[in-house]
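# Survey of secondary and tertiary structure
Below are the chains, spelled out letter by letter.
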Amino acid sequence: MEWFSRWKLVVVEWLAQAGVPEEQRAAMALTLFIVLAGVGLLLIGWLAVRLFKKPSVPAVEEQAIEPPVAEQEIVEPVSEEPVFPAESDAALQEPLAEPVVEEKEDAATEEPAPEEVVLTPEEVVSPPETEVVPVEEEAAPVAIEEAPPVEEIVPEPEAPVKVSLFERMRAGLAKTQASLVGRIDALLNSSQGIDEDLMEELEEVLVTADFGMQTTMSLMQSLEERISAGEAADPQALRGLLKDEIRQRLRLEAAPLDLESSSPYVIMVVGVNGVGKTTTIGKLAHQFVTQGKTVLLGAGDTFRAAAAEQLAVWGERAGVEVIRQESGSDPAAVAFDAAKAAVARKVDVLILDTAGRLHTKVNLMEELKKVRRVLDREIPGAPHETLLVVDATTGQNALVQARLFQEAVEVSGLALTKLDGTARGGMLVAIGNELGLPVRYVGIGEGMEDLRPFDPDLFVEALFDQQG
């Protein structure tokens, strides 16, 4: 039943991403399996009926082939007809014998007569032979003509693979771009100049795009100061100022991940339920492996059912090993085993998963602190990065999560998932502006390559690109 458990994991993960409550996922997955099994049985029954019906078709064809017997019957009277010519031949032979005795020199003239009689039966036999030959000749060229086009279609799908990172980023930000930049451009294009009404409407657009009130007020104050200094004389120049202010709030003075600073380099991943922690870990492991690093995963989510199995599936995809224990065991014990294994095997990176938990539950936050203490005891300075995974579709609630997790477990970076499925990209600017937390990664799709290291300049250019 290993295939069923893996299938169930994929369905549960999909239901989790769709926002289905955790207690309903298992039942829905089982229901879906029963429905699919029923459809499969119906399809097999239909195919069986079709197969049993097919033998009757050749029977009809055999009956259609039987009429040639009638042709054989026609051939038989033809063979009977020569009986009469045979008598006529005997009659002809008698007069022929007389001239042979009289004139032996005319034997050459007598020879063509019997040749004409032999040709008549040969002509009767030859027509069926000429009818059978063209049937074989027509069937052969049909198969030869169909073969070459199949070979021509195969190499075509290899071409449309090259897509630039900018294009993928712009595609992932399409909803945010339409909600934010699209409305800003419509507002600026309809304005004749920069006035108080324009600034009020711009402020409303920023607030509704989940920039948050504090970040919006900070942006508006900076824009008004630069307008007063004469840096913007028309609405289009104001667009450039806004773009520059957003870029500055995303450029945080935070050191990038330095995987060479420690061996192993430990990354602890935290976040609430359903934000995509396990998926993010799998994609991170894939990225590090492609960079030539050795990676080990720790299945520290021992609370959620099938969490370790789900992480094991991602480990297989990335080609890395997973350290795990039974469901319900102590997460700190998993962290201990993973740290020991990482040191013994001399891996480059250890990524530890943790149970999804509400940021409002104090006892669960204390459990995270215990995991951190165990890691620091086994590997001094660990975890070197505490990565908070945040669902971009939650809007301003993501800002609240980031603030509380930062206070509890010293979050050092963010991974923003599902950015391609929301129009609330402004909260990314709010987190950077209010909490000073760097965004390490952004998820712009479902593929293994769609978790990208965050580049503020590339993000802003893709967001404000007018051709998007």
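Below: a short report on this structure. (Residues numbered from 1 in each chain as written. Predicted model: local features only at pLDDT ≥ 70, side-chain atom pairs only at ≥ 80, totals over all residues. Heavy atoms only, no water.)

### Observations concerning the packing of aromatic side chains
- In total, this model carries 1 aromatic pair according to the counting rule given.
- Over the face of the ring belonging to Trp 314 we find Arg 317, whose NZ or CZ atom lies 4.5 Å from the ring centre. (Phe/Tyr/Trp six-rings, centres within 6.5 Å; stacked < 30°, edge-to-face > 60°. Lys NZ or Arg CZ within 6 Å of the ring centre and 35° of its normal.)

### With respect to the side chain of Ser 262
- In this fold, Ser 262 is placed in the loop between α12 (235-250) and β1 (265-270).
- A distance of 3.1 Å separates the side chain of Ser 262 from the backbone oxygen of Pro 264, its partner in a polar contact.
- Those residues in contact with Ser 262 that sit more than four places away from it in its chain are Asp 348 and His 384. (Helix = DSSP H or I, 4+ residues; strand = E, 2+ residues; numbered from the N terminus. Polar contact = N/O pair within 3.5 Å; in protein donor to acceptor, adjacent residues only side chain to side chain. Contact = heavy atoms within 4.5 Å.)

### Observations regarding a negative patch on the surface
- A cluster of acidic residues, Asp 195, Glu 196, Asp 197, Glu 200, Glu 201 and Glu 204, forms a negative patch on the protein surface.
- Structurally, Glu 200 can be placed in helix α10 (residues 196-208). (Patch = residues over 30% accessible without salt bridge, like charges linked within 9 Å, V, L, I, M, F, W, Y side chains within 5 Å. Areas by Shrake-Rupley, 256 points an atom, 1.4 Å probe, with all protein chains shown as cover. Salt bridge = Lys/Arg side-chain N within 4 Å of Asp/Glu carboxyl O. Lys, Arg positive; Asp, Glu negative; His and termini not counted. Charge placed at Lys NZ, Arg CZ, Asp CG, Glu CD.)

### Re the packing of α10 against helix α11 (residues 213-228)
- Where α10 meets α11, the axes come as close as 9 Å, and the angle between the chain directions of the two elements is 150 degrees. One element, α10, and the other, α11, form an angle in the roughly antiparallel class. Considering only the axes of α10 and α11, their crossing is right-handed. Residues Met 199, Leu 202, Glu 203, Leu 206 and Val 207 of α10 pack against Met 213, Thr 216, Met 217, Leu 219, Met 220, Leu 223, Glu 224 and Ile 227 of α11. (Axes fitted to C-alpha atoms, helices over the stretch in contact; angles between N-to-C directions. Parallel < 35°, antiparallel > 145°, perpendicular 65-115°, else oblique. Left-handed = near helix turned anticlockwise from the far one by under 90°.)

### Brief notes about helix α13 (residues 277-290)
- Under the 1.5 Å per step criterion, the end-to-end length of α13 is 20 Å for 14 residues, consistent within 8% with the ideal 20 Å.
- Taken residue by residue, α13 has Lys 277, Thr 278, Thr 279, Thr 280, Ile 281, Gly 282, Lys 283, Leu 284, Ala 285, His 286, Gln 287 and Phe 288 as its buried positions.
- Gly 292, located one to two residues past α13, shows a positive phi value of around 90 degrees. (Expected span 1.5 Å × (residues − 1). Buried < 20%, exposed > 50% of the residue type's maximum accessible area, 1.4 Å probe, protein only.)

### Points about unusual backbone geometry
- Of note, the amide linkage connecting Ser 263 to Pro 264 takes the cis form, showing an omega dihedral of 5 degrees.
- If you trace the backbone, Pro 264 turns up in the loop between α12 and β1.
- The omega torsion across Ala 382 and Pro 383 is -5 degrees, close enough to zero to call that bond cis.
- Following the sequence through the fold, Pro 383 ends up in the loop between α16 (362-378) and β5 (385-391).
- One non-glycine residue with positive phi stands out, namely Lys 346, at about 55 degrees.
- In this model, Glu 410 sits at a positive phi of 55 degrees, which is unusual for a non-glycine residue.
- Topologically, Glu 410 is positioned in the loop between α17 (396-409) and β6 (413-417).
- Judged by relative accessible area, which is 54%, Glu 410 ranks as exposed.

Don't take any of this as a statement about function, it's just geometry.
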